[in-house]
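Commentary on secondary and tertiary structure
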Amino acid sequence: MTALLQIQDLKTQFSTSSGTVKAVDGVTYDVEEGETVAVVGESGCGKSVTALSIMRLVAEPAGKIVGGKILFQDINLLDLDIEEMRNIRGKDIAMVFQEPMTSLNPVLTIGMQLMETLQQHLDVDETAAQARAVELLGLVGISDAERRLAQYPHNLSGGMRQRVMIAMALSCEPKLIIADEPTTALDVTIQAQILELMKDLTRRLGVALIIITHNLGVVARYANRVNVMYAGKIIERGNAREIYHNPKHPYTLGLLRSVPRLDQPRGERLVPIVGHPPDLTRLDGGCAFRPRCTFAVDRCAREIPPLVDVDGGHLSACWEHENVGLNVRKAS
Amino acid sequence: MSVAESDTNIPQQALGDVLLQVKGLKKHFPITDGILVKRAVAHVKAVDGISFEVRKGETLGLVGESGCGKSTTGRCILQLDQPTEGEIIYDGVDLSTISRAELNRMRERIQVIFQDPFSSLNPRMKIGDIIAEPMHVHGIEPDAAKRRARVSELLTVCGLNPRFADRYPHEMSGGQRQRVGIARALSMRPEFIICDEAVSALDVSIQAQVINLLEDLREQFNLTYLFIAHDLSVVRHLCHRVAVMYLGKIVELAESDELFDNPMHPYTQALLSAVPVPDPDVEAAREHQVVKGEIPSPINPPPGCVFHTRCPKAVASCQTDVPSLRELRPGHWVACTEA
Ligand SMILES: Nc1ncnc2c1ncn2[C@@H]1O[C@H](COP(=O)(O)OP(=O)(O)OP(=O)(O)O)[C@@H](O)[C@H]1O
Ligand SMILES: Nc1ncnc2c1ncn2[C@@H]1O[C@H](COP(=O)(O)OP(=O)(O)O)[C@@H](O)[C@H]1O
Ligand code: SF4
Ligand code: SF4
Ligand SMILES: [Mg+2]
Ligand SMILES: [Mg+2]
């Protein structure tokens, strides 16, 4: 059985006044049916552009998908025309964004927006759409659904808006939801509520989920498989336990040591990654992490390390992967 | 009922000189109605009777969900907001009683670093001028050459190349801009710095750099911090003591280790349980008690205990009785009748 979604060697670029930004530079990953896959990495590494590429929502003309394939149920989304793509978007693949305020229409009520999506994709009349809208709000834990349907986005709290976004994403029973930083703007107790809700619903309904986040804790709590991105590339992939206990890339190792943890003794000094991420218009023929890497050898300046299997399904893009990972302490 | 007992209970510290005392602080923002004659129809109770002290050399953390009154507390201390009630006593001086000139001198000693490094830096000014501006305004260093030298020194202290003095904010990364904000705050040689979400917007690898910088500076210049943040892991890492706020009130206050090892207030417990730890095994073994509901409006806070609408331990009396902040263990203050 082939995977639900297969991204193969995806390349997306933007032309800007300072040069060509290689925002996504050869990304390959799969999502199985019903699986939760995480994409982690710091600001600007290409997480959102990868997601927008899958949805074919990259801002044109500056942005352009210049290579690769995106196979969804074995159909290459990059071959579809605008109409065909519109039918897939929202129906088979739905997206939840970080800031729901920008993706909800401020002048339409919640009810109108939910029913519009339903009527666009499903053959339902207004009464049926209204009933389904009420049902959906109940599903995402909004109690007085009828009253809420008449409200506008600005009447709702950030957490409520994100619940509405999830309801909209679920409305046409998609096979895949892409959630781009769905809880980054929310308080931690609300974040926990929303993540529990998404976990519960995706499991119950068998929906696959790509969760994009910069929060390593969120990944540890919710994802099966993890992709770590840096400078437009996936530099490490594996199941969550492998990635956290036995990282095989210096960047992943660095990320793990940068965050203070509630479950570990206080007072130890953090070990930051030196420097800052590279300018994506100025990548050279070596490893993009090299200027910040404490493991770098001569070869790293000359050859870009490919993402290869280093340990039964655990992949790393590092020439020195054998020397990495030993010094990460496992939590007791 | 509005005069809660907690207004007068001030958590005392046994050791060290007290630098800042906040006593019964309230800040209520009026919500006005009417076009010609503005009249207050209600009040946002942003801060509703809080008291705490900060000792010299100490870092006190202020945590809580957005809107609970953390920034307003900081702004009241800086006298950027006029307190509705209560006192801010800095180094023995009640800040509301002193003249403008005296307040200006006080402001040299108290600096602030904000969350958003971009919006707090003037985009048309060069970095060097941004850092030198407070020295210029306060007439600290009238000599231009000496000011330039001081700017170079400050950039170096904050881990930036002195050549950055000639750049503009948009040419720098978020982490670099945050360092500029810190350099600017340090230019006045302050003794007390309020960090309001100072590392919240930064990526983890850069956040760790700035956290280490704040620690180094604290040691090097014997600084006192009020560290306002919502990230509990970061607060635990940096702070000696921590106050937890909810709807304008302090609900728990203790030494860091004590608070995180032995949280006694149901809200603190809920907050800690919500923070995910970056380890799948730890996460799988942890109990996740997700607190229900959302933070109520500060315009109409619940009567009794402000947390009772979401509290898993609430009993009938919680709806009517305001719990006072009580010292349940040495230095550990909790505002919960059931704790
Ligand atoms: N419309 C655009 N024009 C030019 N460059 C762009 C555009 N959109 C994104 N980029 C660039 O592409 C790169 C990847 O951006 P992307 O939004 O995918 O980052 P991200 O990983 O989602 O980061 P964050 O965590 O901040 O959301 C960045 O260098 C960004 O500046
Ligand atoms: N100038 C103001 N006018 C009216 N309400 C305000 C003002 N400043 C803050 N508030 C309100 O006061 C409450 C506390 O705000 P704030 O101190 O900024 O919270 P925090 O920093 O903890 O997120 C919020 O409900 C906020 O909307
Ligand atoms: S390939 Fe070289 S520079 Fe890149 S991460 Fe590995 S050791 Fe570091
Ligand atoms: S006083 Fe009552 S409602 Fe408030 S925290 Fe304690 S148990 Fe909960
Ligand atoms: Mg993004
Ligand atoms: Mg604030």
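Heads up: these notes are all about the structure in this document. Note that this is a predicted model, so its numbers are computed, not measured. (Residues numbered from 1 in each chain as written. Chains lettered and ligands numbered in written order. Predicted model: local features only at pLDDT ≥ 70, side-chain atom pairs only at ≥ 80, totals over all residues. Heavy atoms only, no water.)

Further remarks concern the site of ligand 1. Residues and elements named next belong to chain A. Close to ligand 1 lie 14 residues; Ser-43, Gly-44, Lys-47, Ser-48 and Val-49 are nearest. Residue Ser-43 places a side-chain N or O atom 2.5 Å away from an oxygen atom belonging to ligand 1. In the complex, 66% of the free accessible area of ligand 1, which totals 640 Å², lies under the protein chains. Within the residue set of the shell around ligand 1, elements represented by two or more residues are strand 1 (5–16), strand 2 (19–31) and helix 1 (47–54). When residues in the shell around ligand 1 are grouped by element, the largest group, 3 residues, is from helix 1. Residue composition of the shell around ligand 1, grouped by class: 6 nonpolar, 5 polar and 3 charged. (Near = heavy atom within 4 Å. Polar contact = N/O pair within 3.5 Å; in protein donor to acceptor, adjacent residues only side chain to side chain. Areas by Shrake-Rupley, 256 points an atom, 1.4 Å probe, with all protein chains shown as cover. Helix = DSSP H or I, 4+ residues; strand = E, 2+ residues; numbered from the N terminus. Nonpolar A, V, L, I, M, F, W, Y, C, P; charged D, E, K, R; others polar.)

Take the sheet that holds strand 5 (residues 75–76) of chain A next. Residue and element names in this part refer to chain A. On the basis of which strands lie adjacent, the open sheet formed by 4 strands has the order 2-1-4-5 and antiparallel pairing. Looking at strand neighbours, the two that pair on one side only are strand 2 and strand 5, the edges of this open sheet. Across 10 bridges, the pairing between strand 1 and strand 2 is antiparallel. When the sheet's bridge partners are listed, Gln-6 is paired in strand 2 with Asp-30. The sheet contacts of helix 1 involve strand 1, strand 2 and strand 4 (63–72), and relative to strand 1 the element is tilted by about 110°. (Pairing = 2+ DSSP bridges. Contact = heavy atoms within 4.5 Å. Axes fitted to C-alpha atoms, helices over the stretch in contact; angles between N-to-C directions.)

The subject of this paragraph is empty space enclosed by the protein. One pass over the structure, following the stated rule, counts 8 cavities of 30 Å³ or more. Cys305(B), Cys311(B), Cys318(B), Cys336(B) and Thr337(B) are, among the 15 residues lining the second largest cavity, the residues nearest its centre. (1 Å grid on protein atoms, 1.4 Å probe; cavity = no way out; pocket = protein on both sides within 12 Å on 5 of 7 lines; lining within 4 Å. Points joined across faces, edges and corners; volume = space filled by probe spheres on them.)

Let us now look at the site of ligand 2. All names here are of chain B. If you check the shell around ligand 2, you find Phe-29, Val-44, Ala-46, Ser-66, Gly-67, Cys-68, Gly-69, Lys-70, Ser-71, Thr-72 and Pro-298 and nothing else. Here an oxygen atom of ligand 2 sits 2.7 Å away from a polar atom, N or O, in the main chain of Gly-67. About the coverage of ligand 2: the protein hides 61% of its 570 Å² of free accessible area. Among the secondary structure elements, those contributing two or more residues to the shell around ligand 2 are strand 2 (39–55) and helix 1 (70–77). Of the residues forming the shell around ligand 2, the biggest block, 3 residues, is contributed by helix 1. Here the shell around ligand 2 is built from residues that sort into 5 nonpolar, 5 polar and 1 charged.

Remember that the coordinates give geometry; whether it matters functionally is a separate question.
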